[in-house]
Each structure stands twice: as C-alpha cells, then as structure tokens.
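# Residue-level structure breakdown
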Amino acid sequence: MESKAWWKKAVIYQIYPRSFYDSNGDGIGDLQGIVKKLDYLKELGVDAVWLSPVYRSPQDDNGYDISDYRDIDPIFGTLQDMDELIFEAKKRGIRIIMDLVLNHTSDEHPWFQEAKKGRNHPYHDYYVWRDGKEGVCPNSLKSTFGGSAWEWVPECGQYYLHQFSAKQPDLNWENPKVRQEIYRMIQWWVNRGVGGFRLDVIDLIGKETDAMVMAEGKMLHPYLKEMSREVFRDSTLVTVGEAWSATPETALLYSNPDGSELSMVFQFEHMVLDQQKGKEKWDLAPLPFVEFKRTLAKWQEALYKKGWNSLFFENHDVPRSVSRFGDDGEYREVCAKMLATCLHGMQGTPYIYQGQELGMTNVRLDISDYRDIELLNMYRERMAAGYSREEIMESIYAKGRDNARTPMQWTGEKNAGFTTGTPWIKVNPNCRQINAAEALAREDSIYHYYQKLIRLRKTEDVLAEGKFELLMPEDEAVFAYTRTEGSTCLLVACNFTAQEAACPVLKAWEQAKALIYNYDGRPEHGKLRPYEAVILKKAERETGL
Ligand code: TEU
Ligand code: CA
C-alpha cells in the first residue's frame, strides 16, 4: 500500500502547458508536447506534475477562464491526449495534478450563457448578481485585473461579480447546486486517473460579497470540509490550496493532518515583500532580506507537525527567482543552485516551475510583445494615470507574469526548440546559452543539481520531518538554518549576496558530511563565497547539542 501522505516526500513540477513544448507547430505548447517530454521529467526525478489549466477555454486568462470543465481545449489536444498523458506519466511513476478553477468560470461557460439571459433563467443563481442602476456599481470592489469587479448586464438589469476579468464571472458557492455540480465534476476527473488537484484562488470561494470580504469568508472552511468529505477524503489524492490570504493560523485549517480539508496550502507571504507596503506588486522595493528569512521561518515553525506547506520561489504568476532574488548575470548558475538549496532544505513540498531547473531568467520585451491580461491592463491604467512609460516598463520587467511564461528553452536553436512555428509569445534570446540540451550534457549544470536535491529528499528523512531552526536571523547576507530529527541534524547555509560572507557556524561543522554544495569544493574557514550554498549532515552527539 502506498502511503496516503506520499506528497510529504515528493517534489512537484509545474507545467504551464502553452509554454512547455509544441508538438504540432502551431506555436502553442500542448498535451502531446508534454507526453514527449515525460522522460526529461522522469530523469529529473519529480513525483508529480501540476498542469496549469488545459480545459476548454476562450483563453482570456490563458485557461483560468474555463468554459467546459469536462473537455480539453483544442489548442492543447483532446480528452484522448489527456488520458494518454495520465497513462504515460503513471508508467514513469509521475502523477498528474489538474488545476481546478472553482471560484469562477468563463463567461462563455454554458452556465453563464444561460445565467445572463435574465433573472428567472435557470443557472442565474449559479453566479453572484446584485441589483443596481447602470453606471452605479453595487459597491467599490475592485477586480485583480483592474477596474470594478462589477459588470452590468442589461437583460437582467443587474451586475455580476468578477474578481478577475469581466470574462471570469464569480461562481455563487452559496448555491448548493453549484457545489454539487463541482464535486461531481471533480469526481469525474478522479475517475479518469488524475493524482490530485491544485485549487486556484480557493480562499475566495467563501466570499461575503456585501460585506466586501472576499478572502477567508465565514463559509470558506465549511465548504472545504464539505468538498473533502465528498471527493478527497480516504484517497491518496494530493490537494493544494492556492491562498494568497493564508496566515500561519488559517493554514492549520487548510492543511490539518486529519485530512478534513486539503493536503497543503500554497501561500505567498514570502513572495510579496519586495513591494512598497500597502501598494501593488508593481510598486517596486528591494527585497527586505531579514524579513524574508523571518517570514519563511515563521511558516516553518507554525506548521511543524500541525500542517503542511508548499515550498516555492516561482510559478506562472511571479517573476523568475534567479532574476528576482539573486543574480541572473555573472553568478546565475551558482545563484540558481543556491536558491534551490535554500528552498529544498526546508520542510514542505518543493515545487519546481518549468525552466527553474535551467535557471531561466526574466525577459525584457517591447510592450506589443507582451500577452498577459493583468500586465496589459496595468500598462493601460498607469499610462492613463500619468505614470512615465519608463517606470511602467521597469515594473513589467521586474514583476510581469510573462517573465515566467516565455517558452521553455529546450535547445539553443531557433525558438529554443520549443516550436517549429511562430511561438505565441517571444522566446527569451538567452536561450542560446540557457537551454535543456546544454544542461543535460553537463554534469555540473543546474538541472543535475536539482536532480541531486530531489534524490536527497528521498534518502534523507530529516528533510521531510526535521524541525527547522533559523540561525543568524539578523544577518543581511546569509540564510542559515538547521533541520533536526532524532539523532540527525542538517545545516543549510546560503549566501544571498555577490560578496564573500562570514558564516561562523560552519566552523563547528567542518567534520560533518557535505550532502550537496554549489562550488567545486565545500565552503571553508567559516566563509561563504558569492551565492555559495551547502547542506551538511551530522549526528546529534557530534553537534554537541
Ligand atoms: O492567481 C491568483 C491571483 O490572485 C493572481 O492573479 C495574482 O493576484 C496575480 O497573478 C499577482 O500578480 C490565480 C492563477 O494562478 C492566475 O494565473 C489566474 O490569473 C488567477 O488565479 C485567476 O484565475
Ligand atoms: Ca501546439
């Protein structure tokens, strides 16, 4: 029998399908493309793949606007391709995790098409409507993608709520029929053989619209408990709740080990620090490093034995970590390995976002070459508000979601070997140096470093179970911590700067075994070279604890 909590020792790889690999030359990555690259993922050693949405969708928000939950969008393939992917992945010991967007659908979903015909139409109450007068929104709620969260429908004489684009109307979770339809749909995917689900903006489903409480509404956790009872409990499915609003306290509800809600929470507190307080992500600020460490440490401590966290520095909504938290120039390789060491040494389930294992970087494009709805709306709004073009572009270069969405760099050839056609978004020109073919051929590449880290998670139980303790909390350069379980103790030490840094604690570990490090030799004399990282291991009695 496989363990129910297999995901506590697992590493999950996220694929953004439209940018992964194009099998038919139309410029868009697809399911057959993923099938072709399964051996690459198996070689890397990951246990599961989280697929960003591939359901039928008008693609207003690249698939996060679903018009049919039980079909695959033709740009990605067919249901048969999906079955093949699940089957071929399983053969290689890889589970497929589907992305469930349950807070909203596309406005082109048949439910909404009916709902907007009039107040008395079936399905009207599948969405969130409020009376009002044209031009006077029910309240001041804003859409994440800019403008009001309300859209007027003359046929109904009402507004509907959309927390994202107007093409993403919010579902009304207060309606038990909506919840039952959703549970049946999830079960349908379970029966097809998927290994789990990532639940998009799940903290929003309990919204209290009139009170303008969107995240963590009163009914959120009761709904999650109901969903778990109906479809998840007593299974080996992994369930990951994306929750920007989660706190360490609420995380204990989402990820209680009793399985009453989800397997783990996917929260962002460490990912929103490099922005001006109280402002938007576009309002840039340097990373407050000490706070960054304190935040990650707080989550490590709060969830120990009481919950479960996701470990990530990248996904499809955030910039490339090597550009954001380190150096994507001279030190790119060691820096990417250092960030990986720092993350994979902690407790939780590590996620690798496609291309992170190659040290892919942010990109600078002309405004006309960007595709992301959030970024383009922001550009328009800020231009109208009088920001300078230069300032807006700097924000986009630093934080735009398309940084993570340029095609996966497979080779140094045309279009990075991603497509034989014209890619839907430009390829990063640095693909000539940074690509999978180069990384696979070189023993000391970032890819092979990730491979080692993934293996360590399988062989070192302390990585899954060990208690976390932050060292040198106030140090401005070094992120160092220990992980302790029984008689085993690990020291993880990472230099986040381009200068040599003192790390005196290393001296007491000179006799300890080095499990992994990112320079030719392990660190010496209590010092870390630029972006140097190491994991050391010793037995407790040797530590003198
Ligand atoms: O993201 C949730 C979300 O709130 C993001 O839109 C976030 O605010 C933004 O990316 C920060 O820049 C999820 C998906 O991951 C995202 O891709 C979708 O656009 C969004 O939900 C709507 O489904
Ligand atoms: Ca294609």
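Below is a summary of the structure that appears in this document. Bear in mind the structure is a predicted one, so any value in this text is a computation, not a measurement. (Residues numbered from 1 in each chain as written. Chains lettered and ligands numbered in written order. Predicted model: local features only at pLDDT ≥ 70, side-chain atom pairs only at ≥ 80, totals over all residues. Heavy atoms only, no water.)

## Looking at the pairing of strand S2 (residues 48–51)
- Here S2 shows two buried faces, one formed by Ala48 and Trp50 and the other by Val49 and Leu51.
- Examined bridge by bridge, strand S1 (residues 12–15) and S2 share 4 bridges and lie parallel to one another. Paired with isoleucine 15 across the two strands is leucine 51, which belongs to S2.
- Here 4 bridges tie S2 to strand S5 (residues 95–100), and the two strands are oriented parallel to one another. Within the sheet, the bridge partner assigned to tryptophan 50 lies in S5 and is isoleucine 97. (Buried < 20%, exposed > 50% of the residue type's maximum accessible area, 1.4 Å probe, protein only. Helix = DSSP H or I, 4+ residues; strand = E, 2+ residues; numbered from the N terminus. Pairing = 2+ DSSP bridges.)

## Digging into the nonpolar core
- Counting 151 residues, the largest nonpolar core has Tyr13, Met82, Met227 and Phe479 as its most contacted members.
- At 8 residues, the largest contribution of residues to this core is made by helix H10 (residues 332–344).
- If we ignore the near neighbours within four places in the chain, the residues touching methionine 227 are Leu102, Trp173, Tyr183, Ile186, Leu199, Ile202 and Phe232.
- The next biggest cluster of nonpolar side chains, apart from the first, holds 15 residues, and it includes Ala480, Leu506, Trp509 and Leu528. (Core = buried A, V, L, I, M, F, W, Y, C linked by side-chain atoms within 4.5 Å. Contact = heavy atoms within 4.5 Å.)

## Structural notes on the packing of H10 against helix H14 (residues 446–459)
- Here H10 crosses H14 at 15°, and the two axes come no closer than 10 Å. As summarised for this structure, H10 and H14 are arranged roughly parallel, according to the angle between their axes. Along this stretch, H10 crosses H14, giving a crossing that reads as right-handed. Listed contacts from H14 to Arg332, Glu333, Ala336, Lys337, Ala340, Thr341 and His344 of H10 are Ile446, Tyr449, Tyr450, Leu453 and Arg457.
- When grouped by side-chain class, the residues that make up the contact of H10 with H14 number 6 nonpolar, 2 polar and 4 charged. (Axes fitted to C-alpha atoms, helices over the stretch in contact; angles between N-to-C directions. Parallel < 35°, antiparallel > 145°, perpendicular 65-115°, else oblique. Left-handed = near helix turned anticlockwise from the far one by under 90°. Nonpolar A, V, L, I, M, F, W, Y, C, P; charged D, E, K, R; others polar.)

## Some remarks on the coordination of the calcium ion (ligand 2)
- Within the protein, Asp22 (OD), Asn24 (OD1), Asp26 (OD), Ile28 (O) and Asp30 (OD) serve as the donor atoms for the calcium ion (ligand 2), at 2.2 to 2.3 Å.
- Read in sequence order, the donor residues coordinating the calcium ion (ligand 2) give the pattern D-x1-N-x1-D-x1-I-x1-D.
- Residue class for aspartate 26 comes out partly exposed when judged on its relative accessible area of 37%.
- Overall, isoleucine 28 belongs to the buried group, its relative accessible area being 15%. (Donors = N, O, S within 2.8 Å, 3.2 Å for Na, K, Ca; no water.)

## A look at the packing of aromatic side chains
- Applying the stated rule across the entire model yields 37 aromatic pairs.
- Between tyrosine 55 and tryptophan 189, the aromatic rings sit 5.8 Å apart at their centres with planes inclined by 85°, giving edge-to-face as the arrangement. With tyrosine 55 in strand S3 (residues 55–56) and tryptophan 189 in helix H5 (residues 176–192), this residue pair connects regions lying 134 residues apart in the sequence.
- On the basis of relative accessible area, tyrosine 55 is assigned to the buried category, the value being 1%.
- Plain terms: the ring middles of phenylalanine 112 and tryptophan 129 are 5.9 Å apart, the flat faces sit at 5° to each other, and that makes the pair stacked. Taken together, the positions of phenylalanine 112 in helix H4 (residues 110–115) and tryptophan 129 in strand S6 (residues 129–131) put the pair 17 residues apart, joining distant regions of the chain. Tryptophan 129 shares its class with phenylalanine 112; the two are buried.
- Site record: aromatic cluster; members linked through ring pairs are Phe289, Phe292, Phe313, Phe325, Phe468, Phe479, Tyr481 and Phe496.
- The residue whose ring lies beneath lysine 37 is tryptophan 410, and the NZ or CZ to ring-centre distance is 4.2 Å.
- Over the face of the ring belonging to tryptophan 6 we find arginine 95, whose NZ or CZ atom lies 3.8 Å from the ring centre. (Phe/Tyr/Trp six-rings, centres within 6.5 Å; stacked < 30°, edge-to-face > 60°. Lys NZ or Arg CZ within 6 Å of the ring centre and 35° of its normal.)

## Quick look at helix H12 (residues 389–399)
- Along H12, the residues that are buried comprise Ile392, Met393, Ser395, Ile396, Tyr397 and Lys399.
- Tucked inside the fold, the buried residues of H12 contact helix H9 (321–325) and helix H11 (373–384).

## Let's talk about the sheet that holds S6
- Pairing in this open sheet of 3 strands is antiparallel, and the strands run S6-S8-S7 from one edge to the other. Looking at which strands have only one partner, the edges of the open sheet turn out to be S6 and strand S7 (150–153). Averaged over all adjacent pairs, the angle separating strand axes in this sheet is 35°, with direction ignored.

## Quick word on the environment of phenylalanine 232
- Checked against the element boundaries, phenylalanine 232 lands in helix H6 (residues 220–232).
- Here the alpha-carbon distance between phenylalanine 232 and leucine 85, two residues 147 residues apart in the chain, equals 22 Å.
- Beyond its immediate chain neighbours, meaning those up to four positions away, phenylalanine 232 contacts Ile186, Phe197, Leu199, Met227, Leu237, Thr239, Glu261 and Leu262.

## So, the state of the cysteines
- The tally for this structure, following the rule as stated, stands at 0 disulfides.
- You can see cysteine 137 has no disulfide; the closest cysteine sulfur is in cysteine 156, sitting 15 Å from it.
- The class of cysteine 137 is partly exposed, set by a relative accessible area of 32%.
- Left without a disulfide partner, cysteine 342 is nearest to the cysteine sulfur of cysteine 494, which lies 4.6 Å away.
- Cysteine 342 sits in the buried class, given a relative accessible area of 0%. (Disulfide = S-S within 2.5 Å.)

All we've got here are geometric facts, nothing functional implied.
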